[in-house]
Amino acid sequence: MKRISILFFLFLVSAGVSVFAQNRLLKGVVKDAQYHTPVAYAALFIQGTPIGTVANNVGEFAFTVPDSLFGRQLMVVREKFQLTSLSLVGRNWDDLIIELQPDKFVDRIRAMQDSIVATSGGFAAFLARATKFVTNDWIPLGNSGTNRFDFGRIQTIPTYNPIEGIRLRGGIASNSRFSPHFFVRGYAAYGFKDQRFKYRGEAIYSFTEKVYHEDEFPKNNLRLVYENDLYSPGDMHPYALNDLLLITYRRSLNEATYRNFAEINYEREYKNGLTHTFRVRRSRFVPQGELQFDGGHQEGIVLTHGELNTTDVGVLLRYSLREAYDQQRRKRIPLEITSPVFFLSHTMSLNNFIGGEVAYHRTEFSAQKRFLLGHAGRLDMVGEVMKVWDKVPFPLLVYPNQRYRYQIENNFFFLNRSLEFVADEQYTLRMTFVGDNLVLSKIPIADMLQLKELASLRIVHGRLSNKNNPTLSPERLYRFPSVSHQYDNVPYIEGTIGITNILRLLRVEYVHRFTYRNHPDALLGAVRMDVTL
């Protein structure tokens, strides 16, 4: 019996004395010490051991630690942050908050580049300071440590388009010091050419407490919106924000409308990459310039409608295979930029409901993906399908530039007129290549300024059913503008070559039109400059 007891004791020792050893659960969240926002994908491990884990996409972590390692240091590693070690003695293991100090290496490199530019002359120094000012985008109203409102967006203060001419815009947005759950924001704008004021106001309630602003990941927001602004059916998606950047040349003269709408929407993002948005919107469209909503003839008289009213409900589903952000003051910078993103939306417009005049269904599907091509660079691809299922007047049809813009580079059709191609079913493919280690990287000054090669190709094709052709079915339809055409057997194609990442802000490119070059007043090629933020 004694021998059996000894053998049993030796077995326990050889098994690591698991009966007597204790493991404790260590869980908590990793945060940015500067912005106090979650830090995704930080690696945590007990010093000198393989015991550890990686925080999830909102900085949360949990793993077990043996009591025997209680005195060891916890190490935390994350790119763009300083290596951190801390003792676990005397800390709350059930709700450990770890704050990482940002690594200023990237900022020091950019500061060195800015100083080199600044020493090259007064204008270059001014340009460097102006670029930094613009990229910051929002400035605090008052002391940056106690302010409750910010002014911005800096990028949208001066813009230009052929309808408004020079447009000035200013806005404010509250932060969590005003309330961690309730936020307000809005803007006012004025066009010196059309001499009209525009504005937008929002009231947002976040069901989760926010560190600084309402759009921190993951969102869980109920939002009320009222907007009165210029809208181009061919240049903007119906649900896109009207955020034109520094320099914009839209071919929308006499092809846009003034639009005001009231909307309530609920948007929720989940940690698994799924997002859903539900919305109800009441809109009013008034044609601009020479554009008219002509409803046909009656005894030789043109029936002109001064406005179009719609009421629609919609749902948008977005899914990313992986989703995580570096969240700063009012920015959230995506970390999973190569993860494919899918969009599926459906909109149903109601006739004779809250003033709606048209009943229709519209469905859209979009997929986008960034491919890393080794040292050569990257390739962004976006594919889209849109379809309007019912009979609608032309402002509600689909056009090449109506798209959800998400994370990858802005890449819209440029040489076509806003309403040049009309369709109720449309297929679009956009491809953009940005070089990394090609010709410009071999030129010292271009490499120092991080200039990159740019090439893109954009293809769109569609069809218009007979029910939406006012020539064949004029009832309840407006006449097409004189600039509008249907697609024939070939798609519309345009391509570009140029340089991007100029001052980390601009790109310059030559755009060439390959098809439909015989359209009246077709712009066959042009040099354009745009922002890349």
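About the cut-offs
- Residues numbered from 1 in each chain as written.
- Predicted model: local features only at pLDDT ≥ 70, side-chain atom pairs only at ≥ 80, totals over all residues.
- Heavy atoms only, no water.
- Helix = DSSP H or I, 4+ residues; strand = E, 2+ residues; numbered from the N terminus.
- Buried < 20%, exposed > 50% of the residue type's maximum accessible area, 1.4 Å probe, protein only.
- Contact = heavy atoms within 4.5 Å.
- Core = buried A, V, L, I, M, F, W, Y, C linked by side-chain atoms within 4.5 Å.
- Phe/Tyr/Trp six-rings, centres within 6.5 Å; stacked < 30°, edge-to-face > 60°.
- Lys NZ or Arg CZ within 6 Å of the ring centre and 35° of its normal.
- Patch = residues over 30% accessible without salt bridge, like charges linked within 9 Å, V, L, I, M, F, W, Y side chains within 5 Å.
- Areas by Shrake-Rupley, 256 points an atom, 1.4 Å probe, with all protein chains shown as cover.
- Salt bridge = Lys/Arg side-chain N within 4 Å of Asp/Glu carboxyl O.
- pLDDT = per-residue confidence, 0-100.
- Pairing = 2+ DSSP bridges.
- Axes fitted to C-alpha atoms, helices over the stretch in contact; angles between N-to-C directions.
- Polar contact = N/O pair within 3.5 Å; in protein donor to acceptor, adjacent residues only side chain to side chain.

Caption draft 1: Summary view of the overall build of the protein. A tally of regular secondary structure across the protein gives 4 helices and 29 strands. Within the protein, the proportion of its 533 residues that are buried is 47%. Sequence-distant contacts, at least 24 apart, represent 63% of the contacts inside the protein between residues at least 6 apart.

Caption draft 2: Region of interest: the nonpolar core. Counting residues in each nonpolar core, the largest one holds 33 residues, and the members touching the most others are Phe-293, Leu-308, Val-392, Phe-394, Leu-397, Tyr-487 and Tyr-492. Discounting chain neighbours no more than four positions away, the residues touching Tyr-487 are Pro-400, Phe-421, Val-422, Ala-423, Gln-426, Val-460, His-461, Gly-462, Arg-463, Tyr-492 and Tyr-516. Among the nonpolar cores identified, the runner-up in size contains 20 residues, and Val-30, Val-39, Ile-46 and Leu-88 belong to it.

Caption draft 3: Examining the packing of aromatic side chains more closely. Across all of its chains, the model carries 17 aromatic pairs by this definition. Ring geometry for Tyr-190 and Phe-197: centres 4.7 Å apart, planes at 50°, overall tilted. Among the residues examined, Phe-197 registers a relative accessible area of 63% and is labelled exposed. Between Phe-293 and Phe-394, the aromatic rings sit 6.0 Å apart at their centres with planes inclined by 80°, giving edge-to-face as the arrangement. Here the residue Phe-293 occupies a position in strand E17 (residues 293–298), and Phe-394 occupies one in the loop between strand E24 (377–388) and strand E25 (425–435), the gap between them amounting to 101 residues. An identical accessibility class is assigned to Phe-293 and Phe-394; each is buried. Here a set of aromatic residues connected by ring pairs shows up, and it is made of Phe-413, Phe-421, Tyr-487, Tyr-492 and Tyr-516. Directly above the ring of Trp-93 sits Arg-24, whose terminal nitrogen or CZ lies 4.4 Å from the centroid.

Caption draft 4: Quick peek at unusual backbone geometry. The step from Gly-152 to Arg-153 runs through a cis peptide bond, and the omega angle for that step is -10°. Of note, Arg-153 is situated in the loop between strand E9 (149–152) and strand E10 (158–161). The omega torsion across Phe-217 and Pro-218 is -5°, close enough to zero to call that bond cis. Within the secondary structure, Pro-218 sits in the loop between strand E13 (196–206) and strand E14 (220–231). At Ile-354, a position not held by glycine, the phi torsion is positive, near 50°. Position of Ile-354 among the secondary structure elements: in the loop between strand E22 (341–349) and strand E23 (360–372). A positive phi angle, close to 55°, is found at Tyr-516, a residue other than glycine. By the secondary structure assignment, Tyr-516 is in the loop between strand E28 (506–513) and strand E29 (525–531).

Caption draft 5: A nonpolar patch on the surface, seen in detail. The grouping of Leu-274, Leu-317, Tyr-319, Leu-321, Phe-342, Leu-344, Phe-365, Val-385 and Tyr-427 at the surface amounts to a nonpolar patch, some 730 Å² of accessible area in total. At the level of elements, strand E19 (308–320) and E22 are the ones that each hand at least two residues to the nonpolar patch. Position of Tyr-319 relative to the elements: it lies in strand E19. The class of Tyr-319 is partly exposed, set by a relative accessible area of 33%.

Caption draft 6: Up close: the confidence of the model for the protein. In the predicted model, the protein carries a mean pLDDT of 86, and the fraction of residues at 70 or more is 86%. The lowest-confidence element of the protein is helix H1 (residues 2–14), averaging 40 in pLDDT; the highest-confidence one is E13, averaging 97. In the model, residues 1–20 has pLDDT below 50 throughout and makes 3 contacts with residues more than four positions away in sequence or in other chains. Confidence drops under a pLDDT of 50 for residues 299–303, and excluding neighbours within four residues, the segment shows 9 contacts in the predicted structure.

Caption draft 7: Summary view of the sheet that holds strand E3 (residues 52–54). The sheet built from 4 strands is open, its strands ordered E3-E2-E5-E6 with antiparallel pairing. The sheet is open, and its two edges are formed by E3 and strand E6 (84–87), each paired on a single side. Neighbour to neighbour, the strand axes of the sheet diverge by 15° on average, direction disregarded. Pairing between strand E2 (residues 43–46) and strand E5 (residues 73–77): 4 bridges, direction antiparallel. The residue bridging Ala-43 from the neighbouring strand is Val-77, located in E5.

Caption draft 8: Spotlight on the environment of Tyr-226. Inspection of the secondary structure puts Tyr-226 in strand E14. Along the sequence, Tyr-226 and Arg-281 sit 55 residues apart, while their C-alpha atoms lie 9.6 Å from each other. The residues touching Tyr-226, leaving out its near neighbours within four places in the chain, are Tyr-199, Arg-200, Gly-201, Asn-260, Phe-261 and Ala-262. Within the structure, Tyr-226 has its side chain in polar contact with the side chain of Asn-260 (distance 3.1 Å).

Caption draft 9: Region of interest: the pairing of strand E12 (residues 182–191). As paired elements, strand E11 (residues 165–174) and E12 share 7 bridges and run antiparallel to each other. Considered in E12, the bridge of Gly-171 is made with Tyr-187. Of the strand pairs in this sheet, E12 and E13 are connected by 10 bridges, and their pairing is antiparallel. Note that in E13 the partner of Phe-182 across the bridge is Tyr-205. Between E12 and E13, which follow one another and run antiparallel, lie 4 residues, and Gln-195 among them has a positive phi close to 55°.

Caption draft 10: Quick look at the pattern of salt bridges. Overall, the coordinates contain 35 salt bridges when judged by the stated rule. One salt bridge in this structure joins Glu-60 and Lys-271, with 2.9 Å as the shortest N-O distance. In this pair, Glu-60 is assigned in strand E4 (residues 60–66) and Lys-271 in the loop between strand E15 (257–269) and strand E16 (274–287), connecting sequence segments 211 residues apart. Residue classification places Glu-60 among the partly exposed positions, given a relative accessible area of 34%. A salt bridge links Glu-263 to Arg-281, with the nearest nitrogen and oxygen atoms 2.6 Å apart.

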